[in-house]
2 protein chains.
Amino acid sequence: MKIAVLGGDGFVGWPTTLHLSDAGHEVHIIDNLSRRWIDTELGVQSLTPMDSIQERCRIWHELTGKRIHFHLLDLAKEHERLKSWLAEHRPDAVIHFAEQRAAPYSMKTDRHKTYTVDNNISATHNLLAALVETGIDAHLVHLGTMGVYGYSSVGAPIPEGYLDIEIDTPEGKKEQEILYPTRPGSVYHMTKSLDQIMFQFYAQNDGLRITDLHQGIVWGTHTEQTRRHEQLINRFDYDGDYGTVLNRFLIQAAIDYPLTVHGTGGQTRAFIHIQDSVRCIELALGDAPKRGDRVRIFNQMTETHRVRDLAELIGRLTGSRVAYVPNPRKEAAENDLVVRNEQFLALGLEPTTLEEGLLEEVVEVAKRYAHRIDRSRVPALSAWTRDIAQTLDRDPEGKSIRSIS
Amino acid sequence: MKIAVLGGDGFVGWPTTLHLSDAGHEVHIIDNLSRRWIDTELGVQSLTPMDSIQERCRIWHELTGKRIHFHLLDLAKEHERLKSWLAEHRPDAVIHFAEQRAAPYSMKTDRHKTYTVDNNISATHNLLAALVETGIDAHLVHLGTMGVYGYSSVGAPIPEGYLDIEIDTPEGKKEQEILYPTRPGSVYHMTKSLDQIMFQFYAQNDGLRITDLHQGIVWGTHTEQTRRHEQLINRFDYDGDYGTVLNRFLIQAAIDYPLTVHGTGGQTRAFIHIQDSVRCIELALGDAPKRGDRVRIFNQMTETHRVRDLAELIGRLTGSRVAYVPNPRKEAAENDLVVRNEQFLALGLEPTTLEEGLLEEVVEVAKRYAHRIDRSRVPALSAWTRDIAQTLDRDPEGKSIRSIS
Ligand SMILES: NC(=O)c1ccc[n+]([C@@H]2O[C@H](COP(=O)([O-])OP(=O)(O)OC[C@H]3O[C@@H](n4cnc5c(N)ncnc54)[C@H](O)[C@@H]3O)[C@@H](O)[C@H]2O)c1
Ligand SMILES: NC(=O)c1ccc[n+]([C@@H]2O[C@H](COP(=O)([O-])OP(=O)(O)OC[C@H]3O[C@@H](n4cnc5c(N)ncnc54)[C@H](O)[C@@H]3O)[C@@H](O)[C@H]2O)c1
């Protein structure tokens, strides 16, 4: 297959690109490298030393003889170039990772909020409109998030995308299928909730074939392919904006920083290992919907955990302290989360569990690159509202820690 | 009250501005005049001769001694200027009309699709982020549309915004309140569906006080204030993109053009007279939600009619023929529509019915300005898909008419 990977320079996009190239597909990365610019803006860098995308592609070629093509293009701002690119290359599938994906970054200031909305919505919509305009019947696989549902549901298992509801009509109750209602908790999550409606529209109006993967929090670093050469290593974000909770705990443990749990740590979240994420995308690619089908939605996650349990687990594994600090987010203090993921299991996914994979991460990644960590970048400081901002403290190593276990 | 009317140069915005100024409020129009530019792009013009916004404001002042302030500002592109404006003027209420609002225009080409999404989403989101950033606790009243729900529901009455559903949980069925599910049928309608989710988020996260008016199709031209001077007259769109169905029938009747009904005309739509629309907005303004309340949603409409019944009605009134032409839209051929609107009735709205108002429109507007009509602009030619485009005909006066009654 000829596959376009939009956002292929990112944390999930890069290992996906390698995996698909390895499997024999012709892979084209389209990326505007905005994520690297944001590192520069924030003054942070990947824990793992990361080469330029051009260099990474060169090394992959040297190692395997396979070419990965890189195209610098801004999906949100270059609609005409995107169209020309599609018309020229006519991909069989398009995998769309190319969005601003950090909730804390999306909540920093109004500039970050508007950037996130303008970038993500225009990127997704430009792509949809361009596929229709060029008449290319590619399978579009998009990375969404479990977070669109918010975390304050009534405790029912979250189905894979759809819900049948009963509506009272003059002729009695009737069933209707709806998108499972979303309740996004940040501007970032909100953009994914908007994406979903755009997908529904374009599938219905234009027969676009779309798969939307509602992904859990991705953890881990290596995949089979990134392991093959030091310079193929994946990025690993640990800062307060882009670092996801588990990865942050890992590096906190590595540098003997307290494991900072927000609020009571009662938030339950869904997780998936990067290797599984990559496999799921391949499975989804192989199982495309037909023209006229509704959007196919998968829950792409393998485990759920309460944040404080994770912290305690890593604490036990590494001897680190757990520190409870004020929560910068506006969210329920405690929530349950049950997620259905039968579809991927039925397609043959065999999950890497936290229990198997964690220790490797601690040793091979966190400890190995610990000298590159900037401690001052570890606290999560983007507050969801002005009132919350006042409760935060710049120094979770010090006085804002409420209790330590 | 100090009120900002965003999009105050438009079809609903202008009479609203006059109405509120007349009632003693300090009114500021913010508009980028994009609607006038679109007239230029399409080579169409309002049936009624419309002065510049500056001239209209001058005449209102001459007539009443009251000032309407006009500010040229693009909500979608000038976030910083918007913030400064808000911080300087600190309005008590903001009425948001400023979006590209024609479904056919939004479906013309990919350029029109991306313009509509980028303009409407950025305009709405910039406003929300700016209100949060400036800390202004204004009541935000937005004009949404009944069209977000699509027109293929199971026949249940459409409630005012929310629906209680039952969800199966391990502990039995539980009730949950959700936004009434949307199913937008055009890119334009889709943007309003996205707006709704942004409102929900900002009401929940930041306590913004928001009212969303899900409006039916507006018909009619005059309000009490626009009648006071010829140069205060409201715009009246009759072209295939911006003309709404009833207004189009009226001018077709005036120039002895067949009343063009799309498909079987079995589509049922909700309607409201411009005078009632303006009153509803005033009623909504007077009934603001409190900080922390959910978004208040009203269905702003007074009657529903099947399109072919409307055509037949106007045909009887004027002696015009009704012509059934291929439908450029992708939609169900026939649908029922029952809409709840108790909230506005409870607030005292006394609807102007079609039966009372129609004849005046025919005589005072359509016939009076009939000499300004460009017949070639009457057909609706924006097709929802490429396949549909091929079924359309450039000349509904001639061969594409399937049957005439
Ligand atoms: N990482 C996770 O835990 C996680 C969890 C759930 C969902 N997701 C989703 O998966 C996708 C990939 O996540 P990630 O962690 O790899 O993010 P990332 O930020 O590492 O990668 C995103 C890539 O997209 C590019 N990009 C952004 N905007 C672009 C534009 N307008 N034009 C072209 N390229 C653009 C960036 O430069 C970056 O390389 C995202 O859509 C994200 O929302 C990620
Ligand atoms: N007319 C109807 O039948 C109808 C029905 C339902 C809902 N609505 C909604 O009511 C609102 C007003 O409708 P209308 O018929 O008056 O439309 P209109 O096009 O006549 O007016 C919209 C105004 O907003 C301005 N505008 C657009 N984008 C802007 C931007 N980025 N910055 C500043 N100004 C901008 C335009 O110049 C125009 O003056 C719209 O949001 C529409 O969706 C209208």
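Residues numbered from 1 in each chain as written. Chains lettered and ligands numbered in written order. Predicted model: local features only at pLDDT ≥ 70, side-chain atom pairs only at ≥ 80, totals over all residues. Heavy atoms only, no water.

With an unreviewed UniProt entry as reference, chain A is termed NAD-dependent epimerase/dehydratase family protein, source organism Histidinibacterium aquaticum. According to its UniProt record, chain A has this under Pathway (unreviewed entry): "Bacterial outer membrane biogenesis; LPS O-antigen biosynthesis." (UniProt positions renumbered as here; feature names shortened; annotations may be inferred.)

A. Layout of the overall build of chain A. The number of helices and strands found in chain A is 13 helices and 15 strands. Taking 2.2 N^0.38 as the reference for a compact globule, 405 residues should give roughly 22 Å; the C-alpha atoms of chain A span a radius of gyration of 21 Å, in line with that estimate. Principal axes of the C-alpha set define a box for chain A whose edges measure 65 × 60 × 40 Å. A burial count over chain A gives 64% of its 405 residues as buried. Chain A carries 46 positive and 57 negative side-chain charges, and their two centres are separated by 4 Å. (Helix = DSSP H or I, 4+ residues; strand = E, 2+ residues; numbered from the N terminus. Rg over C-alpha atoms; globule rule 2.2 N^0.38 Å. Buried < 20%, exposed > 50% of the residue type's maximum accessible area, 1.4 Å probe, protein only. Lys, Arg positive; Asp, Glu negative; His and termini not counted. Charge placed at Lys NZ, Arg CZ, Asp CG, Glu CD.)

B. Quick peek at the pairing of strand E7 (residues 172–179) of chain A. All names here are of chain A. As defined by bridge partners, strand E6 (residues 162–169) adjoins E7 across eight bridges and the pair is classed as antiparallel. From the neighbouring strand, aspartate 164 faces E7, where its bridge partner is glutamate 177. Following E6, the chain reverses through two residues before pairing antiparallel with E7. (Pairing = 2+ DSSP bridges.)

C. Geometry of the sheet that holds strand E4 (residues 93–96) of chain B. Residue and element names in this part refer to chain B. Overall, parallel pairing links the seven strands, which are arranged E3-E2-E1-E4-E5-E8-E12 in an open sheet. Single-partner strands in this sheet number two, and they are strand E3 (68–72) and strand E12 (296–300). Strand-to-strand twist across the sheet, computed as the mean angle between neighbouring axes with direction ignored, equals 20°. Pairing between strand E1 (residues 2–6) and E4: four bridges, direction parallel. In the sheet register, alanine 4 faces E4, and the bridge partner there is valine 94. Most of the contacts of helix H7 (residues 187–206) go to strand E5 (residues 139–145), to which it runs at about 150°, and overall it touches E5, strand E8 (209–215) and E12. (Axes fitted to C-alpha atoms, helices over the stretch in contact; angles between N-to-C directions. Contact = heavy atoms within 4.5 Å.)

D. Representation of the relation of the copies chain A and chain B. Overlaying chain A with chain B gives an RMSD of 0.0 Å, the required rotation being 180° about an axis along which the chain moves by 0.0 Å. Read as a symmetry element, the transformation amounts to a two-fold axis. Closest to the rotation axis within chain A is the C-alpha of Leu194(A), separated from it by 2.8 Å. Here 100% of the interface residues in chain A have copies in chain B that are interface residues too; the copies meet face to matching face. (Least-squares fit on C-alpha atoms with pLDDT ≥ 70 in both.)

E. Highlighting the environment of Leu246(B). All names here are of chain B. Positionally, leucine 246 belongs in helix H8 (residues 245–254). As for leucine 246 and leucine 310, which are separated by 64 residues in sequence, their C-alpha atoms are 7.6 Å apart. In this view, leucine 246 contacts Trp219, Phe271, Leu310, Ile314, Leu354 and Leu358; residues no more than four positions away in its chain are not counted.

F. Region of the structure containing the site of ligand 2. Residue and element names in this part refer to chain B. Lining the immediate environment of ligand 2, one finds 29 residues, of which Val12, Asp31, Arg101, Tyr188 and Lys192 sit closest. Contact distances for ligand 2 include 2.6 Å between an oxygen atom and a side-chain N or O atom of tyrosine 188. In the complex, the protein chains occlude 97% of the 820 Å² of accessible area that ligand 2 would expose alone. Of all elements in the fold, only helix H2 (34–42), E5, H7 and strand E9 (217–219) reach the threshold of two or more residues within the shell around ligand 2. (Near = heavy atom within 4 Å. Polar contact = N/O pair within 3.5 Å; in protein donor to acceptor, adjacent residues only side chain to side chain. Areas by Shrake-Rupley, 256 points an atom, 1.4 Å probe, with all protein chains shown as cover.)

G. Region of interest: the pattern of salt bridges. All names here are of chain B. Under the counting rule described, the total for this entry stands at 63 salt bridges over all chains. One salt bridge connects lysine 83 with glutamate 80, and the closest N-O pair in it is separated by 3.6 Å. Highlighted residues: lysine 83 and glutamate 80, both in helix H4 (residues 79–89), separated by three residues, approximately one helical turn. Of the charged contacts, one joins arginine 377 and aspartate 374 as a salt bridge, the two residues approaching to 3.7 Å between their closest N and O atoms. Among the residues examined, arginine 377 registers a relative accessible area of 32% and is labelled partly exposed. The partly exposed category is assigned to aspartate 374, whose relative accessible area is 31%. (Salt bridge = Lys/Arg side-chain N within 4 Å of Asp/Glu carboxyl O.)

H. The arrangement of the site of ligand 1 in detail. Residue and element names in this part refer to chain A. Looking at ligand 1, there are 29 residues lining it, with Val12, Asp31, Arg101, Tyr188 and Lys192 nearest. Here an oxygen atom of ligand 1 and a backbone polar atom of phenylalanine 11 are 2.8 Å apart. A distance of 2.7 Å separates an oxygen atom of ligand 1 from a polar atom in the backbone of valine 12. Computed on the free molecule, ligand 1 has an accessible area of 820 Å², of which 98% lies beneath the protein chains in the complex. Elements that contribute at least two residues to the shell around ligand 1 include exactly helix H2 (34–42), strand E5 (139–145), helix H7 (187–206) and strand E9 (217–219). Looking at side-chain class alone, the shell around ligand 1 contains 12 nonpolar, 10 polar and seven charged residues. (Nonpolar A, V, L, I, M, F, W, Y, C, P; charged D, E, K, R; others polar.)

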